[in-house]
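# Working through the structure, step by step
Now for the letters of each chain:
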Amino acid sequence: MNLLLKEIRHNPLLWLLVFVPAVFAGQALKPEAHTLLFALSVLAIVPLAALLSHATESVAAKTGDAVGGLLNATLGNLTELVIALTALHAGQYMLVKASIAGAIVTNTLFMLGGSFLLGGLKHHVQEFNRGSARMQAGLLFLATVALLIPSAVSGSDSTAGAAFIEELSVGLAVLLIVVYGMGMLFSLKTHRELFASAQAGEAGEAPWPVGLALATLAGVTVLVALVSEVFVESVQEAAVAFGMTPAFVGFIVVALVGAAAEMASAFSGARKNRLDLSVGIALGSASQIALFVAPVLVLLSYVIGPTPMSLQFWPGAVVMMLIATMTAALVTNSGRSAWFVGVLVLAVYLVFATTLYLMPPRVQ
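Here the residue numbering is sequential within each chain, running from 1 through the sequence in written order. The predicted origin of the model limits local features to residues at a pLDDT of at least 70 and limits the giving and counting of side-chain atom pairs to 80 or more, whereas totals for whole chains, interfaces and linings rest on all residues. The side-chain figures draw on all heavy atoms in the structure; neither hydrogens nor water molecules are used.

### Concerning the overall build of the protein chain
- Helices and strands together make up the secondary structure of the protein chain, namely 13 helices and 2 strands.
- For the protein chain, the residues scored as buried account for 52% of the 364 residues in total.
- Per-residue and other accessible areas were derived by the Shrake-Rupley procedure at a 1.4 Å probe size, with only the shown protein chains allowed to occlude residues. As displayed, the protein chain has an accessible area near 15300 Å², and 70% of this comes from carbon and sulfur atoms. Strands here are runs of E lasting at least two residues and helices are runs of H or I lasting at least four, both read from the DSSP assignment and numbered beginning at the N terminus. A simple rule labels every residue: compare its accessible area, found with a 1.4 Å probe on the protein chains alone, to the largest value its type can have, and call it buried under 20%, exposed over 50%, or partly exposed in between.

### Re empty space enclosed by the protein
- Of the grid points, spaced at 1 Å and generated over the protein atoms alone, those admitting a 1.4 Å probe that cannot get out make up cavities, while open sets with protein on both sides within 12 Å along at least five of seven lines make up pockets; any residue with an atom within 4 Å of a point is treated as lining. Grid points are joined across faces, edges and corners, and a volume is the space filled by probe spheres set on the points. Inspection of every chain in the model, using the stated rule, returns 2 cavities of 30 Å³ or more.
- When its volume is computed, the largest cavity comes out at roughly 40 Å³.
- In this structure, the largest cavity is lined by Glu80, Ala84, Ser99, Ile100, Ala103, Ile289 and Val293.
- Of all the secondary structure elements, the ones that give two or more residues to the lining of the largest cavity are helix 4 (65-89), helix 5 (93-122) and helix 11 (275-304).
- When residues of the lining of the largest cavity are assigned to their parent elements, the largest contribution, 3 residues, is made by helix 5.
- Under the scheme applied here, ten amino acids are nonpolar (Ala, Val, Leu, Ile, Met, Phe, Trp, Tyr, Cys and Pro), four are charged (Asp, Glu, Lys and Arg), and all others, including Gly, are polar. Grouping the amino acids of the lining of the largest cavity by side-chain chemistry returns 5 nonpolar, 1 polar and 1 charged.

### Section: the packing of aromatic side chains
- Ring pairs are drawn from Phe, Tyr and Trp, using the six-membered ring of Trp, whenever the two centres fall within 6.5 Å, and their geometry is named by plane angle: stacked under 30 degrees, edge-to-face over 60, tilted for the rest. Here the structure, examined in full by the defined rule, presents 6 aromatic pairs.
- Aromatic pair Phe116 and Phe128: ring centres 5.9 Å apart, planes at 25°, arrangement stacked. Remark: Phe128 occurs in the loop between strand 1 (126-127) and helix 6 (130-156) and Phe116 occurs in helix 5; sequence separation between them is 12 residues.
- Its relative accessible area of 0% is what places Phe116 among the buried residues.
- On the basis of relative accessibility, which here comes to 4%, the residue Phe128 falls in the buried class.
- The interplanar angle of 75° and the centroid separation of 5.0 Å between the aromatic rings of Phe248 and Tyr357 together place this pair among those described as edge-to-face.

Written out as structure tokens, the structure is:
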């Protein structure tokens, strides 16, 4: 506990933790102040993300970057899952699908590009395990194909009714979950030697004890989930006040806030020349959302949603996910990176963000 308090005292970013109780107080006293609650929840998630980053790095120091990246992606995606479940229960399927697609694109482009840029500005050239990146890109491509098929079939075959699309979505959801499980078995069990880090990172601060790190992970994850609920309840009203469309909110704003914890770890790892951790977090999180979170939401919609949700996305979202996957496969193929590679990847993301802000996609 003394280590945790020392970290909070010496890290000005963690002083923003005062906004965590402020969020809950604001929710209790002024639940109708949506714009204020939106701002407070964003400010509260930032220091929680920093704590989650430090704790995850401490665990990764003991388990290796492959397991550390998977752990961070899993815990970070709990935020996206809570946000999506809240919207799913409210029947806001447009927001759910936009947040899923946005999380995949944000993790694949913004987080990966930001890691390449920040790491490249400090280190001339960085190396990472291209075999691991290639596998994650392959999983992402599979998921993108599965998300493309319902939209393609619905658009080309007028006889494909809603019942067929729902049945197809359930079948694809089960298939993606099975493939994701087999991928975990392959990378963490049967062929784990193929996913070793390509380059040793810098010697930084001494990691926390594993017990403290795991306790911090558990506590911060709960707080992030609670703050995310306030964020979901306020984001739509706040979006109107800021002149943002629901599609932009789901695709960009919700995705960026939901991935804050993972971004903190990915960017920190890149600066410490641990690019394997950064790439593992970025692509691992994206593939986990595509192959696990999205299918689980489809299945849960039969339980908690007002109507079943399908995997049919609007064409623009599918195209963006496909381009993001191809971009990730292209820039990670060599296993080497420099700062300008990050600029190129971020530019693709900004093209998408600008397009969505000016011309939102058609609601299905």
